Amino acid sequence: ETWPGLTEVIIVWNSPRETLTSMAENTDAPSPNKKKADRNREIQERQYASQLLQWHNNSTHPLRIFFSLENGLENNLLNRYHPLLQPKNEAIMYFDDDGPFWSKDAMITSGF
């Protein structure tokens, strides 16, 4: 799915890069001692990590991961506003993983 008008997505990653890469590279089967829902969630998280890294490494995809620690910054929620991010757009919308979340129409089409 494409989102017209969306030209850049920056994820500010405040943990070591290895946290994400090790999740994506982990091919071990989830522990059979875990509940099925927990095993499924672990598999899904690995898939998400892998997809994020694939998008990040694809220069034609709008997603870019800014690894704060590799840029000399500490783990700080204010990193999302740091000039080192160098966003390409003048208009910026900030999201937090805690929400709130709106529909595509609200975010992109109407410019909310």
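Our structure's up above, just so we're on the same page.
Residues numbered from 1 in each chain as written. Predicted model: local features only at pLDDT ≥ 70, side-chain atom pairs only at ≥ 80, totals over all residues. Heavy atoms only, no water.

A. Representation of a nonpolar patch on the surface. A cluster of nonpolar side chains, namely L78, Y81, I92 and Y94, defines an oily patch on the protein surface of about 430 Å² accessible area. Residue placement: L78 occurs in the loop between strand 2 (63-67) and helix 3 (104-109). (Patch = residues over 30% accessible without salt bridge, like charges linked within 9 Å, V, L, I, M, F, W, Y side chains within 5 Å. Areas by Shrake-Rupley, 256 points an atom, 1.4 Å probe, with all protein chains shown as cover. Salt bridge = Lys/Arg side-chain N within 4 Å of Asp/Glu carboxyl O. Helix = DSSP H or I, 4+ residues; strand = E, 2+ residues; numbered from the N terminus.)

B. Broad picture of the nonpolar core. W13, L20, A49, L52, L53, L63, I65 and F67 together form the largest nonpolar core, which totals 8 residues. The set of elements that each furnish at least two residues to this core consists of helix 2 (36-57) and strand 2. Discounting residues that sit within four places of it in the chain, W13 has contacts with T19, L20, I65, F66, F67 and S68. (Core = buried A, V, L, I, M, F, W, Y, C linked by side-chain atoms within 4.5 Å. Buried < 20%, exposed > 50% of the residue type's maximum accessible area, 1.4 Å probe, protein only. Contact = heavy atoms within 4.5 Å.)

C. Expanded view of the side chain of N79. Looking at the secondary structure, you find N79 in the loop between strand 2 and helix 3. Those residues within four positions of N79 in sequence are excluded, and the remaining contacts are V12, N14, S68, L73, E74 and L85.

D. Geometry of the packing of helix 1 (residues 17-25) against helix 2. Between helix 1 and helix 2, the least distance of the axes is 7 Å, while the angle of their chain directions is 115°. By crossing handedness, the relation of helix 1 to helix 2 is classed as left-handed. Along the contact surface, helix 1 presents R17, L20, T21, M23 and A24, while helix 2 presents E45, R46, A49, S50, L52, L53 and H56. (Axes fitted to C-alpha atoms, helices over the stretch in contact; angles between N-to-C directions. Left-handed = near helix turned anticlockwise from the far one by under 90°.)

E. Layout of the environment of V12. With respect to the secondary-structure elements, V12 resides in strand 1 (residues 9-13). Taking the C-alpha atoms as reference points, V12 and L78, 66 residues apart in sequence, are found 9.8 Å from one another. Setting aside residues no more than four positions away along its own chain, V12 makes contact with F66, S68, N79, R80 and L85.

F. Here's a closer look at the pairing of strand 2. Within strand 2, 4 of the 5 residues are buried, which leaves the element mostly enclosed by the surrounding structure. Where strand 1 lies against strand 2, 5 bridges are found, and the strand directions are parallel. Across the sheet, the residue bridging to V12 is F66, located in strand 2. (Pairing = 2+ DSSP bridges.)

By themselves, these observations are geometric and do not establish any function.
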